[in-house]
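Residue-level listing of the chains:
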Amino acid sequence: MHSLITRFKRSSEAYLTVVILLFVVILSVTTQDFLTLNNWVDLIESYSVTAILAIGLFVVLVTGGIDISFAATASVSQYIAAYAATRLNMPPPVVLLIGATVGTVLGCFNAILIDRLRATAIIITISTMSVYFALLMYFTSGKSIYGLPGWW
């Protein structure tokens, strides 16, 4: 335990922790809105999507893999879910299930290609990223979906 603490004190993470705590103290003292519930809710809402993507990518990285296509996968899943919500008027649970299913299928496709072709994960995921984005642009003509429901 002692060696773990000693190693942490010398690490980049320790310095980063000190800097973050310093910023929290400075912002808490200099602004009246930083440590409020409204600010924390706003931060959680603003960064929730990024956190979900980071958790998914973290799992891949911990297992020794790499995934470059996660942004394209998320974009395709989100677009299809938004289409289901706006054009097909599906209820929220169904829309969420559709989005999660599309993301899972695209991720499994990557995994199958990596496994069956015995190719490097970075090569496969760069390739599928390009294919996913290209297909999304082709089928949507590059048009965004507006008028999302309030629950979105």
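Residues numbered from 1 in each chain as written. Predicted model: local features only at pLDDT ≥ 70, side-chain atom pairs only at ≥ 80, totals over all residues. Heavy atoms only, no water.

Can you break down a nonpolar patch on the surface residue by residue, with the values?
On the surface, a cluster of nonpolar side chains totalling about 660 Å² of accessible area is made up of Leu-16, Ile-20, Val-24, Leu-35, Trp-40, Leu-43 and Tyr-47. Of all the secondary-structure elements, those providing two or more residues to the nonpolar patch are α2 (12-30) and α3 (37-62). Relative to the assigned elements, Trp-40 resides in helix α3. For Trp-40, a relative accessible area of 40% gives the class partly exposed. (Patch = residues over 30% accessible without salt bridge, like charges linked within 9 Å, V, L, I, M, F, W, Y side chains within 5 Å. Areas by Shrake-Rupley, 256 points an atom, 1.4 Å probe, with all protein chains shown as cover. Salt bridge = Lys/Arg side-chain N within 4 Å of Asp/Glu carboxyl O. Helix = DSSP H or I, 4+ residues; strand = E, 2+ residues; numbered from the N terminus. Buried < 20%, exposed > 50% of the residue type's maximum accessible area, 1.4 Å probe, protein only.)

Talk me through the packing of aromatic side chains; I want residue IDs and the actual numbers.
With the rule as written, the count across this model stands at three aromatic pairs. Aromatic pair Tyr-138 and Phe-139: ring centres 5.1 Å apart, planes at 80 degrees, arrangement edge-to-face. You'll find Tyr-138 and Phe-139 in the same group, each marked exposed. (Phe/Tyr/Trp six-rings, centres within 6.5 Å; stacked < 30°, edge-to-face > 60°.)

Any chance you could break down the nonpolar core for me, citing the residues and the numbers?
Counting residues in hydrophobic clusters, the biggest one holds six residues: Ala-72, Val-76, Val-102, Leu-106, Tyr-132 and Leu-136. Secondary-structure elements contributing two or more residues to this core are α4 (70-86), α5 (92-117) and α6 (121-140). If we ignore the near neighbours within four places in the chain, the residues touching Ala-72 are Met-129, Tyr-132 and Phe-133. (Core = buried A, V, L, I, M, F, W, Y, C linked by side-chain atoms within 4.5 Å. Contact = heavy atoms within 4.5 Å.)

Which residues make up the packing of α5 against α6, and what are the values?
At a minimum axis separation of 10 Å, α5 and α6 run at an interaxial angle of 140 degrees. Put simply, α5 runs oblique to α6. In this structure, α5 crosses over α6, and the sense of that crossing is right-handed. Facing α5, whose interface residues are Leu-106, Phe-109, Asn-110, Leu-113, Ile-114 and Leu-117, α6 presents Ala-121, Ile-124, Thr-125, Thr-128 and Tyr-132. Of the residues assigned to the contact of α5 with α6, the class counts are eight nonpolar, three polar and no charged. (Axes fitted to C-alpha atoms, helices over the stretch in contact; angles between N-to-C directions. Parallel < 35°, antiparallel > 145°, perpendicular 65-115°, else oblique. Left-handed = near helix turned anticlockwise from the far one by under 90°. Nonpolar A, V, L, I, M, F, W, Y, C, P; charged D, E, K, R; others polar.)

Kindly report on α5, identifying the contributing residues and their values.
Compared with the 38 Å implied by 1.5 Å per residue over 26 residues, the 37 Å span of α5 between its first and last C-alpha is a close match. For α5, the set of buried residues is Val-95, Gly-99, Val-102, Leu-106 and Asn-110. At its buried positions, α5 is contacted by α4 and α6. Just downstream of α5 lies Arg-118, where phi reads positive at about 55 degrees. (Expected span 1.5 Å × (residues − 1).)

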